[in-house]
Amino acid sequence: MLSNHYPLAFATEYAWIIASLVFLTGVTIRHYFNTKHATGKGPMWTWGATAVIFVVMVALSTVSGGIDSYEESEGRTLTPHEQKFASAESFEDAYYAVTGNCSMCHAREPGWEGIVAPPKGIVLETEADVARHAKVVYLQAGLSHAMPPPNAFEMDPEARDQIVAWYRDVTG
Ligand code: HEC
């Protein structure tokens, strides 16, 4: 439950830094009160330090929480690079090949038994998602047969061909 809804709580490469910073704020705040009780006056810099640490934690959590929501993804403006992939004529077929063979696992909230978060942080649901990941989709499911995982199910060769055709259309 927690992991599905709060990927920041477990799935970021900075999670351990954020956790350490939480403990560090405990230290700065503690230091204030220890000194205040000992000397009658707390050192004000500890509050500044606590605030700075807090800001760093927030920044880290947004940097590493890179997966946008479904709505954000649908609404966002594509980069010129993504736009090339999304506007190709062959995109529609490739998009359906991907949503039909990848999205059950590579979703913000995967529907595949045993998969609780998008594997390797790769989400393939919206057109923007697929355009963003054009190259790795091509490499993993077009050029190679690494995806879907061989023990999951057999992907229709025609769907692989559609992915290959799309990628080569755009990249020449
Ligand atoms: C049954 C679940 C499942 C399906 C379906 C699936 N994947 Fe994956 N995918 C995984 C898992 C699990 C991993 C992580 C593998 C690992 O850790 O080496 C992964 C990893 C990946 C990666 C990252 C590879 C890397 O090493 O960086 C890409 C890209 C990818 N999948 C693309 C796809 C595409 C494209 C499709 C559809 C054609 C697809 N996957 C279908 C489960 C799935």
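Details of the structure are given in the entry above.
Undergrad: Would you take a moment to explain the coordination of the iron atom of the ligand for this structure?
TA: Around a metal, the perfect tetrahedron of four donors has angles of 109.5 degrees, and the perfect octahedron of six donors has angles of 90 or 180 degrees. Only His 106 (NE2) and Met 147 (SD) from the protein coordinate the iron atom of the ligand, and they sit 2.0 to 2.2 Å from it. One can describe the donor arrangement at the iron atom of the ligand as octahedral, given that its six donor atoms subtend angles of 86 to 179 degrees at the metal. Separated by 41 residues along the polypeptide, His 106 in the loop between helix H6 (91–101) and helix H7 (127–132) and Met 147 in the loop between helix H8 (134–143) and helix H9 (157–171) bring together distant segments of the chain. Judged by relative accessible area, which is 30%, Met 147 ranks as partly exposed.

Undergrad: Would you mind going over the packing of aromatic side chains with me for this structure?
TA: How two aromatic rings sit relative to each other is given by the distance of their centres and the angle of their planes. Counting across every chain of the model gives 10 aromatic pairs. The interplanar angle of 55 degrees and the centroid separation of 4.9 Å between the aromatic rings of Tyr 32 and Trp 47 together place this pair among those described as tilted. Of this pair, Tyr 32 sits in helix H2 (residues 15–39) while Trp 47 sits in helix H3 (residues 45–64), and the two are 15 residues apart along the sequence. Considering the side-chain rings of Tyr 138 and Tyr 167, the 4.1 Å spacing of their centres and the 10 degrees angle between planes classify their relative orientation as stacked. Here Tyr 138 is found in helix H8, whereas its partner Tyr 167 is found in helix H9, with 29 residues between them in sequence. Exposure class is identical for Tyr 138 and Tyr 167. Each is buried. The rings of Phe 85, Phe 91, Tyr 95, Tyr 96, Tyr 138, Trp 166 and Tyr 167 are connected pair by pair, giving a single aromatic cluster.

Conventions used here
Residues numbered from 1 in each chain as written. Predicted model: local features only at pLDDT ≥ 70, side-chain atom pairs only at ≥ 80, totals over all residues. Heavy atoms only, no water. Donors = N, O, S within 2.8 Å, 3.2 Å for Na, K, Ca; no water. Tetrahedral: all angles 85-135°; square planar, octahedral: opposite > 155°, others 65-115°. Helix = DSSP H or I, 4+ residues; strand = E, 2+ residues; numbered from the N terminus. Buried < 20%, exposed > 50% of the residue type's maximum accessible area, 1.4 Å probe, protein only. Phe/Tyr/Trp six-rings, centres within 6.5 Å; stacked < 30°, edge-to-face > 60°.

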